[in-house]
Amino acid sequence: MKDFKIYSPTTLDEALEIKAKYLNNILILAGGTDIVGHLKDKLVKPKALLSLSKIIELNYIEQDENKIMIGPSITHSEAVGSEVLNRYAGILVEGCKVLGSPQIRNIATIGGNVVNASPVADTVPPLCVLGANLTLRSIKRERKVPIENFAICPGKSVIEDDEILTQISFTKMENNDKGFYKKTGQRRAMSIAKASVALKASVQSDKLSDVRVVLGAVAPKVILAMKTAAFLEGKKLDNDIAQQAARIVESEAAPITDLRSNIDYRKMIVGVILERGLLGLR
Ligand SMILES: Cc1cc2nc3c(=O)[nH]c(=O)nc-3n(C[C@H](O)[C@H](O)[C@H](O)COP(=O)(O)OP(=O)(O)OC[C@H]3O[C@@H](n4cnc5c(N)ncnc54)[C@H](O)[C@@H]3O)c2cc1C
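Residues numbered from 1 in each chain as written. Predicted model: local features only at pLDDT ≥ 70, side-chain atom pairs only at ≥ 80, totals over all residues.

Regarding the sheet that holds strand 1 (residues 5–7)
As summarised here, the arrangement of the three strands in space is 1-3-2, forming an open sheet in which the pairing is parallel. The two strands at the open ends of the sheet, each matched to only one other strand, are strand 1 and strand 2 (26–29). Adjacent strand axes in the sheet meet at a mean angle of 25 degrees when their direction is disregarded. Across four bridges, the pairing between strand 2 and strand 3 (residues 48–51) is parallel. Note that in strand 3 the partner of Ile28 across the bridge is Leu50. Across the sheet, helix 1 (residues 12–22) touches strand 1, strand 2 and strand 3, and the angle it forms with strand 3 is around 160 degrees. (Pairing = 2+ DSSP bridges. Helix = DSSP H or I, 4+ residues; strand = E, 2+ residues; numbered from the N terminus. Axes fitted to C-alpha atoms, helices over the stretch in contact; angles between N-to-C directions. Contact = placed C-beta atoms within 7 Å.)

Points about the pairing of strand 10 (residues 164–171)
Summarising burial for strand 10: six of the eight residues are buried, a large majority. Pairing of strand 5 (residues 67–70) with strand 10, which is carried by four bridges, proceeds in the antiparallel orientation. Each bridged residue has a counterpart across the sheet, and for Ile68 the counterpart in strand 10 is Phe170. Two elements, strand 6 (residues 133–137) and strand 10, share five bridges in a ladder whose sense is antiparallel. If you follow Leu134 over to strand 10, its bridge partner there is Ile168. (Buried ≥ 20, exposed ≤ 12 C-beta atoms within 10 Å, placed from the backbone.)

Structural notes on the environment of Asp240
Structurally, Asp240 can be placed in helix 10 (residues 239–252). Distance in space between the C-alpha atoms of Asp240 and Leu130 is 26 Å, their sequence separation being 110 residues.

Considering the sheet that holds strand 10
Pairing is antiparallel in the open sheet, where five strands are placed in the order 4-5-10-6-7. With partners counted over all chains shown, the strands left at the sheet margins are strand 4 (61–63) and strand 7 (142–146), one partner each. When strand polarity is set aside, the average angle formed by the axes of neighbouring strands in this sheet is 25 degrees. Pairing of strand 4 with strand 5, which is carried by three bridges, proceeds in the antiparallel orientation. The partner of Ile61 across the bridge, within strand 5, is Ile70.

Some words on the nonpolar core
Nonpolar side chains tend toward joint burial in soluble globular proteins. If you look at the biggest cluster of nonpolar residues, it comprises 77 residues, and the most contacted ones within it are Ala89, Leu92, Val114, Leu127, Cys128 and Val270. Other than its neighbours up to four places away in sequence, Cys128 contacts Ile147, Glu148, Ala198, Val214, Val222 and Leu224. (Core = buried A, V, L, I, M, F, W, Y, C linked by C-beta atoms within 7 Å.)

Below is the structure:
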């Protein structure tokens, strides 16, 4: 690897100044679990690196009456250990638990997982069903983007060259809210998703409402399964409904064949994951 100038500011304002100066010639480094590999393989050739590791104001999990606010530098292990997230955002915790290995989870950040814009990212389907918004800041402005509008295709997103992701926020799950995040991969652990499903719904006497279903690894970006969610709305959970929902979700998946899996398997397994997840909510 070549020598880079490495900036390691201690405040967000300083980081934003540096980003504005270098724009796309500087690469943000959070945990580095994605980016270091890309640097080694020369897939990216920045003039400088901007490490976020010393910026304490990007590392927090906060709550108010209705909302949770997460700083992008929170690691997956920190999320798994968070009382607030376990209580109000269990679906996200499920995603963080199955990402990589303990060593990866200890350094990889949720912000890095989101900005990476990968269709297989394990925190994105959970954040989508939670209705998360991303706060993107530059020295000139601050804007909020719904997470489902962030990624454009693998590795590309709407983030501008002068922006840094500074917050991920979403509404707390309430008492009747239930859900899951499940993925299937080559192995039980340390495995990138071949297909994944997140679902959130309000469940009262087995009846579903406010259903959101999001699929990972079965399209160029994480997708909202709108037809499946509409079908499940108002339905009472039983084996037949779960099976019918599985057939609909298969039709919404638009996977490709690649090194990890093929189209037929991915379509079939996304239905199986949904059906099992739904029955687990009873
Ligand atoms: C062995 C291994 C196993 C893995 N397994 C999985 C897995 O099972 N599931 C999965 O989803 N991923 C997996 N990954 C991928 C990776 O670990 C995750 O995507 C991780 O969350 C990335 O976080 P990071 O902090 O390391 O990001 P980095 O590598 O530091 O950054 C990733 C990207 O985000 C940008 N970035 C980071 N933070 C910000 C910010 N605040 N604002 C703007 N841009 C930012 C960086 O510039 C870079 O483009 C694995 C990686 C490895 C090496």
